[in-house]
Amino acid sequence: MTTTSTQTATSTTHPTGTAPRLDFAKSAPKVFRALIGFDAAAREGLDPTLVELIQIRASHLNRCAYCLQMHTSDARKAGEPEDRLHMVAVWREARHFFTEREQAALALTEAVTLVADGGVPDEVYAQAAAEFDEQELAHVLALILTINTWNRVALSTAKVAGTDERRR
């Protein structure tokens, strides 16, 4: 016997006309709150600029327009110059825009985000470990994990770029 459930009260329609998707925050509120707590804990003690750079780079790699728009907007509001925002996607070719510490975090973000492509190389981890103490490194890793989770939530529920739901 097959059972189906309808999810109309908490569904939204993607602007491109795709099938309705659930509202994750309403459909799994405990999970959503736990993720918010994990995200907040991950950020503790990290430079807000570094936080946004990590989130922007992971969102590029995951092709999450919703999160990319949100975090570039947050970075601008925090005073991040446009030049650097434009260079995040090509940071290896524009290293002079970023500190050694930021470069280490961006490299680690790429390795963890693309972990299925070959793991986290020893040299990438060593570079990050040289730039961050153990507690900072743990928080950087946790932040990378949270943004990858947020990207997957946004992509799987068809969140629309420019509709930052934190502002509701």
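For the rest of this paragraph, the subject is the overall build of the protein chain. Each helix and strand in the protein chain was counted, giving eight helices and two strands. For the protein chain, the α and β elements follow one another from N to C terminus as β-β-α-α-α-α-α-α-α-α. Among the 168 residues that make up the protein chain, the fraction classed as buried is 40%. Within the protein chain, counting contacts between residues at least 6 apart in sequence, those at least 24 apart form 64% of the total. Surface exposure of the protein chain reaches about 9500 Å², of which carbon and sulfur atoms provide 57%.

Below, the discussion takes up the environment of Trp 91. Take Trp 91: it is sitting in the loop between helix 5 (82-87) and helix 6 (100-113). When the C-alpha positions of Trp 91 and Ala 107 are compared, they lie 9.3 Å apart, and in sequence the two are 16 residues distant. Excluding residues that lie within four positions of it along the chain, Trp 91 makes contacts with Arg 57, Phe 98, Gln 103, Leu 106, Ala 107 and Glu 110. Among the polar contacts made by the side chain of Trp 91, one reaches the side chain of Glu 110 at a distance of 2.7 Å.

A word on the pattern of salt bridges. Enumeration according to the criterion identifies seven salt bridges in this entry. Glu 102 is paired through a salt bridge with Arg 84; the nearest N and O atoms lie 2.8 Å apart. In this pair, Glu 102 sits in helix 6 while Arg 84 sits in helix 5, placing the two residues 18 residues apart along the sequence. As far as burial versus exposure is concerned, Glu 102 and Arg 84 are alike and both buried. Three or more residues are tied together by salt bridges with common partners; here these are Arg 57, Arg 92 and Glu 110.

This next bit is on a nonpolar patch on the surface. The grouping of Val 115, Val 120 and Tyr 125 at the surface amounts to a nonpolar patch, some 240 Å² of accessible area in total. Position of Val 120 relative to the elements: it lies in the loop between helix 6 and helix 7 (122-131).

Two elements in contact, helix 3 (residues 48-62) and helix 8 (residues 134-156), have axes whose closest approach is 9 Å; the angle formed by their N-to-C orientations is 45°. As the angle between them shows, helix 3 and helix 8 are arranged oblique. Of the two possible hands of crossing, helix 3 and helix 8 adopt the one that is right-handed. Between helix 3 and helix 8, the residues in contact are Leu 50, Val 51, Ile 54, Gln 55, Ala 58, Ser 59 and Asn 62 and Val 140, Leu 143, Ile 144, Ile 147, Asn 148, Asn 151, Arg 152 and Leu 155, respectively. Classifying every residue of the contact of helix 3 with helix 8 gives nine nonpolar, five polar and one charged.

The subject of this paragraph is the packing of aromatic side chains. Taken as a whole, this structure holds two aromatic pairs when the rule is applied. Each ring, one from Phe 24 and one from Phe 32, has its centre 6.4 Å from the other, and the planes form 65°; the classification is edge-to-face. Plain terms: the ring middles of Phe 32 and Trp 150 are 5.5 Å apart, the flat faces sit at 75° to each other, and that makes the pair edge-to-face. Of the two residues, Phe 32 is situated in helix 2 (residues 29-43) and Trp 150 in helix 8; the sequence distance between them amounts to 118 residues. An aromatic cluster of at least three residues, connected via ring pairs, comprises Phe 24, Phe 32 and Trp 150.

Conventions used here
- Residue positions are counted from 1 within each chain, in the order its sequence is given.
- Per-residue local features of the predicted model are confined to residues with pLDDT of at least 70, and side-chain atom pairs are confined, for both listing and counting, to 80 or more; whole-chain, interface and lining totals are unaffected and use all residues.
- Computation of side-chain values covers all heavy atoms of the structure but excludes hydrogens and water.
- Segments assigned H or I by DSSP are reported as helices when at least four residues long, segments assigned E as strands when at least two residues long, and all are numbered from the N terminus.
- Buried residues are those whose accessible area, probed at 1.4 Å on protein chains only, stays under 20% of the maximum for their type, while exposed residues exceed 50% and partly exposed ones sit between those limits.
- Whether two residues are in contact is decided by their heavy atoms, any of which lying within 4.5 Å being enough.
- Residue-level accessible areas treat just the shown protein chains as cover; the underlying method is Shrake-Rupley with a 1.4 Å probe.
- Polar contact is defined as a pair of N or O atoms within 3.5 Å, subject to the rule that within protein one atom must be able to donate a hydrogen and the other to accept it, and that residues adjacent in sequence are counted only when both atoms are side-chain atoms.
- Think of a salt bridge as a Lys or Arg side-chain nitrogen and an Asp or Glu carboxyl oxygen that are within 4 Å of each other.
- Each patch groups residues whose relative accessible area exceeds 30% and which form no salt bridge, using 9 Å between like charges and 5 Å between nonpolar side chains of Val, Leu, Ile, Met, Phe, Trp and Tyr.
- Fitted lines through C-alpha atoms give the axes, limited to the stretch in contact for helices. The angle between two N-to-C directions lies from 0 to 180 degrees.
- Here the angle decides the label: under 35 degrees means roughly parallel, over 145 means roughly antiparallel, 65 to 115 means roughly perpendicular, and every other value means oblique.
- For a crossing to be left-handed, the near helix must be turned anticlockwise from the far one by less than a right angle; the clockwise case is right-handed.
- Here the term charged refers only to Asp, Glu, Lys and Arg, the term nonpolar to Ala, Val, Leu, Ile, Met, Phe, Trp, Tyr, Cys and Pro, and the term polar to all other amino acids, Gly among them.
- Stacked, tilted and edge-to-face are the three classes assigned to paired rings of Phe, Tyr and Trp, where Trp is represented by its six-membered ring and a pair needs centres within 6.5 Å; plane angles under 30 degrees give stacked, over 60 edge-to-face, the rest tilted.

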